[in-house]
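Architecture and fold: a report
In case you want the letters, here they are:
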Amino acid sequence: MSVTLHQRNGAGHLVRTSIRVRSTSRTITGLGTVILSALLLAGCGGSSSKHTDATSDSPAELGKLAKSLQQPIYWLGPQSGATYERTSSGPGRILIRYLPAGAKIGSTKPYLTIGTYALPGAYAAAVRAASEPGAVRLKISSSAVAFSTKAHPLNAWITYPGSRYQIEVFDPSPGRARRLVEAGRVQPVPGSPVENRPVAVSRAGLAKVAAAAKGAIYWAGPRPGQTYELTKTTQGGFLVRYLPAGTPVGAVAPQLTVGTYPVANALAAIRRLGRANGAHLITMAAGGLAAVNPHFPRSVYLAFPGSNEEVEVFDPSLAHARALVTSGKIVTVY
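To start, this report covers the structure provided alongside it. Here the residue index of a chain counts from 1 through its sequence in written order. Thresholds applied to this predicted model are a pLDDT of at least 70 for local features of residues and 80 or more for the giving and counting of side-chain atom pairs; totals over whole chains, interfaces and linings are not thresholded and use all residues. To get the side-chain values, all heavy atoms of the structure are used, and hydrogens and water are removed first.

**Considerations on the pairing of strand 20 (residues 299–303)**
Here strand 20 lies mainly inside the structure; five of its five residues are buried. Each pair of strands is called paired provided DSSP finds at least two bridges between the two strands. Each helix corresponds to a stretch of at least 4 residues labelled H or I by DSSP, and each strand to a stretch of at least 2 residues labelled E; elements are numbered beginning at the N terminus. Pairing geometry for strand 19 (residues 289–292) and strand 20, over three bridges, is antiparallel. Bridging across to strand 20, Ala291 finds its partner in Tyr301. Here strand 20 runs beside strand 21 (residues 309–314); their pairing, made up of four bridges, is antiparallel. Each residue of the ladder has a partner; that of Ser299, found in strand 21, is Phe314. As consecutive antiparallel partners, strand 20 and strand 21 are separated by five residues, and within that stretch Gly306 has a phi angle of approximately 75°, a positive value. Remark: exposure states derive from per-residue accessible area (1.4 Å probe, protein chains only) relative to the maximum for the residue type, with buried under 20%, exposed over 50%, and partly exposed in between.

In structure tokens, the structure reads:
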């Protein structure tokens, strides 16, 4: 497959480069590296000439847009005297360009630009891209992955654990994009939706979160040597994922995961699941009930009498998920 990139050459002129990307049957996880190393590495380029709907937005307008799109939009904060030019280069791809006084909207001259790109498995793809030959890792204080490349020294990229977005910073001044990223200047515009990114927690941390939420959080018990990854869902539930040693938080590979979701009279909901979807019901100790939904064949759903929490146990092996449920190993963290 041929892909055309638009990027800046050393003289600052917009040039087109065609490359060949080998088609594969790999999953999106594998394709992430291709996307990062081939398509997004010239995403900003400092120009809006190939982008659509260039407009001038105030910080408040940018925040309203982010809210309406239900995605964060990143920038470097307010800058005195600057005009904030906003363009889109495709679904989920927003560019914010800082135009100095006198610069016109849509100008082809390169200026400081921050791109926010929706990308499934963004963090895992960034980890791989930052390890490629020619990548230059950047030192930052957070757990995000930040890097530049020898081939594109005017650009820098940063992605946070569990995020679905890659952020690119371009500046025509050599080294400035890297310095801005390392200084921690990248931030969401005020009003941007907050991403529910996963974090690594201890058992005590899980219990503390459950106490603060005033509800139970279920898991599969302690597992020495593994990382407990916690994600809060937008509906107020929690996901506890078990990561093998060396697996970064936010990695997209499927792992044992126990979800706790707020559901009124959860036991009755499990019974309805069985009647409506032909799920296989499993009677558990203490009056609990579990169901295997044929529409989600790698998960087991369960609930206990008097509980308002429905629990989902996912594992790449359904047999393993069922064994955990029937053996009574799915318990609360405290």
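**Considerations on the nonpolar core**
Nonpolar cores were defined as sets of buried Ala, Val, Leu, Ile, Met, Phe, Trp, Tyr and Cys residues, with membership established by side-chain atoms within 4.5 Å. Leu206, Leu302, Val313, Val325 and Ile330 are the most contacted members of the largest nonpolar core, which has 29 residues in total. Elements represented by at least two residues in this core include exactly helix 5 (203–213), strand 14 (218–219), strand 15 (227–232), strand 16 (238–243), strand 19, strand 20, strand 21 and helix 7 (318–326). Residue contacts are defined here by distance: any two heavy atoms, one from each residue, within 4.5 Å place the two residues in contact. Apart from the residues lying within four places of it in its own chain, the contact partners of Leu302 are Ile270, Met284, Leu289, Ala290, Glu309, Glu310, Val311, Val313 and Val325. Among the nonpolar cores identified, the runner-up in size contains 27 residues, and Leu76, Tyr84, Ala146 and Ile167 belong to it.

**Focus: unusual backbone geometry**
Phi angles above zero are rare outside glycine, and Lys214 is one such case at about 55°. Among the structural elements, Lys214 can be located in the loop between helix 5 and strand 14. Judged by its relative accessible area of 79%, Lys214 falls in the exposed class. The phi angle at Asn265 is positive, at roughly 50°, despite the residue not being glycine. One can find Asn265 in the loop between strand 17 (257–262) and helix 6 (266–277).

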